[in-house]
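# A look at the structure
Here is what each chain is made of, one letter per residue.
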Amino acid sequence: MKSYQNAALLQNLYRLKALGFDYCDPVIVNRRNVDGALPDDLEALRGLIRTCHLCDLGKSRRQSMAGYGGTQARLMFIDAFVSLAEDESGRYFSGRSGDSLAKMITRVLGLPLEAVYLTHAVKCKTAGTNRPSPSECNSCKPYWKKEMELVNPRVIVTLGPDAYRLVTGDETPFEQVRGHRIDYDGAVLFPLYHPQYLLRNPSLKKATMADLRNIRSAL
């Protein structure tokens, strides 16, 4: 039966070619990603992220931010989206927000930047001020989940309500979970105000300092 079907398909292709149609072998983009077989090596995973074309952001992005920091970091930060400063520079801890986060890590937590791991839930910046679509967010999920698996942090910190929602799927209002200690896949998760939000709301820095002390005690 299979041979008959193949013969019929081939006959049909020859007929279409005679009518002027052309055809080629199908191209599958990022086959390893589609099949779900992501590499068990962090550097190889970063390389895959940098060349990813699973969603429309791959057509318009400047670059893909593939994660930064120690491969055995006890502390992992997850930001929701790539900032304009990060996208322009290609570096983490860029701009005022990035500088503020760096100071939280080095001055309050007492850790060198290389001792933490920082990544994004959505790896590519959207055009202008657009927010990524649900499908674009879902395309990146296997990547940051694999990063979690490979780094295996003791503590995970989500920066702002968008990162918390994308990582946990929880729609609880952010103020009700911010600063709380949450069990998550064998680690401890702390939702924290985003540094950019703190720059606009300096009165919240005192509460954030208390949250950072709780994070430090969990390491």
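Rules and cut-offs
- Residues numbered from 1 in each chain as written.
- Predicted model: local features only at pLDDT ≥ 70, side-chain atom pairs only at ≥ 80, totals over all residues.
- Heavy atoms only, no water.
- Helix = DSSP H or I, 4+ residues; strand = E, 2+ residues; numbered from the N terminus.
- Buried < 20%, exposed > 50% of the residue type's maximum accessible area, 1.4 Å probe, protein only.
- Contact = heavy atoms within 4.5 Å.
- Areas by Shrake-Rupley, 256 points an atom, 1.4 Å probe, with all protein chains shown as cover.
- Phe/Tyr/Trp six-rings, centres within 6.5 Å; stacked < 30°, edge-to-face > 60°.
- Salt bridge = Lys/Arg side-chain N within 4 Å of Asp/Glu carboxyl O.
- Pairing = 2+ DSSP bridges.

When helices and strands are counted, the protein shows 11 helices and six strands. A buried classification covers 45% of the 219 residues belonging to the protein. Summarising the internal contacts of the protein: among those between residues at least 6 apart in sequence, 69% fall at separations of at least 24. In the form shown here, the protein has an accessible surface area of approximately 12400 Å², with 51% of it arising from carbon and sulfur atoms.

What follows covers the packing of aromatic side chains. As enumerated under the stated definition, the model contains four aromatic pairs in all. Joined through ring pairs, the aromatic side chains of Tyr68, Tyr92 and Phe93 make up one cluster.

Before going further, it helps to examine the pattern of salt bridges. Using the criterion set out here, one finds 12 salt bridges in the structure. With a closest N to O distance of 3.4 Å, Lys59 and Asp56 form a salt bridge. Linking Arg131 and Asp162 is a salt bridge whose minimum nitrogen-to-oxygen distance equals 2.9 Å. In this pair, Arg131 sits in the loop between strand S3 (116–120) and helix H7 (134–151) while Asp162 sits in helix H8 (residues 160–168), placing the two residues 31 residues apart along the sequence. For Arg131, a relative accessible area of 53% translates into the label exposed. Residue Asp162 is classed as partly exposed on the basis of its relative accessible area of 23%.

We now examine the environment of Leu166. Residue position: Leu166 is located in helix H8. Using a relative accessible area of 18% as the deciding quantity, one classes Leu166 as buried. In this structure the C-alpha to C-alpha distance between Leu166 and Ala121, which are 45 residues apart in sequence, comes to 6.9 Å. When neighbours within four sequence positions are excluded, Leu166 is seen to be in contact with Ala80, Phe81, Ala121, Val122, Cys137 and Trp144.

Our focus in this paragraph is the side chain of Asp87. Mapped onto the fold, Asp87 is located in helix H5 (residues 84–89). By relative accessible area, which is 7% here, Asp87 ends up buried. For Asp87, the contacting residues outside a window of four places in its chain are Arg62, Gln63, Val82 and Lys125.

To continue, consider the sheet that holds strand S2 (residues 75–79). If you walk across this open sheet you meet the six strands as S1-S3-S2-S4-S6-S5, and the pairing is mixed. Bordering the open sheet on either side are strand S1 (68–69) and strand S5 (182–184), each of which pairs with just one other strand. Looking at chain direction, strand S4 (residues 155–159) and strand S6 (residues 187–192) are connected through five bridges and run parallel. Its bridge partner being in S6, Leu159 is matched across the sheet by Leu192.

Attention now goes to the pairing of S6. Judged by how many residues are buried, S6 sits mostly within the fold: six of six residues are covered. Burial along S6 is two-sided: the residues Ala187, Leu189 and Pro191 and Val188, Phe190 and Leu192 are all buried. Two strands pair when backbone bridges link them, and S5 and S6 are joined in this way by three bridges, in the antiparallel orientation. Within S6, the position partnered with Asp183 by the bridge is Val188. In sequence, S5 turns back onto S6 through a hairpin of two residues, with Asp185 there showing a positive phi of about 50°.

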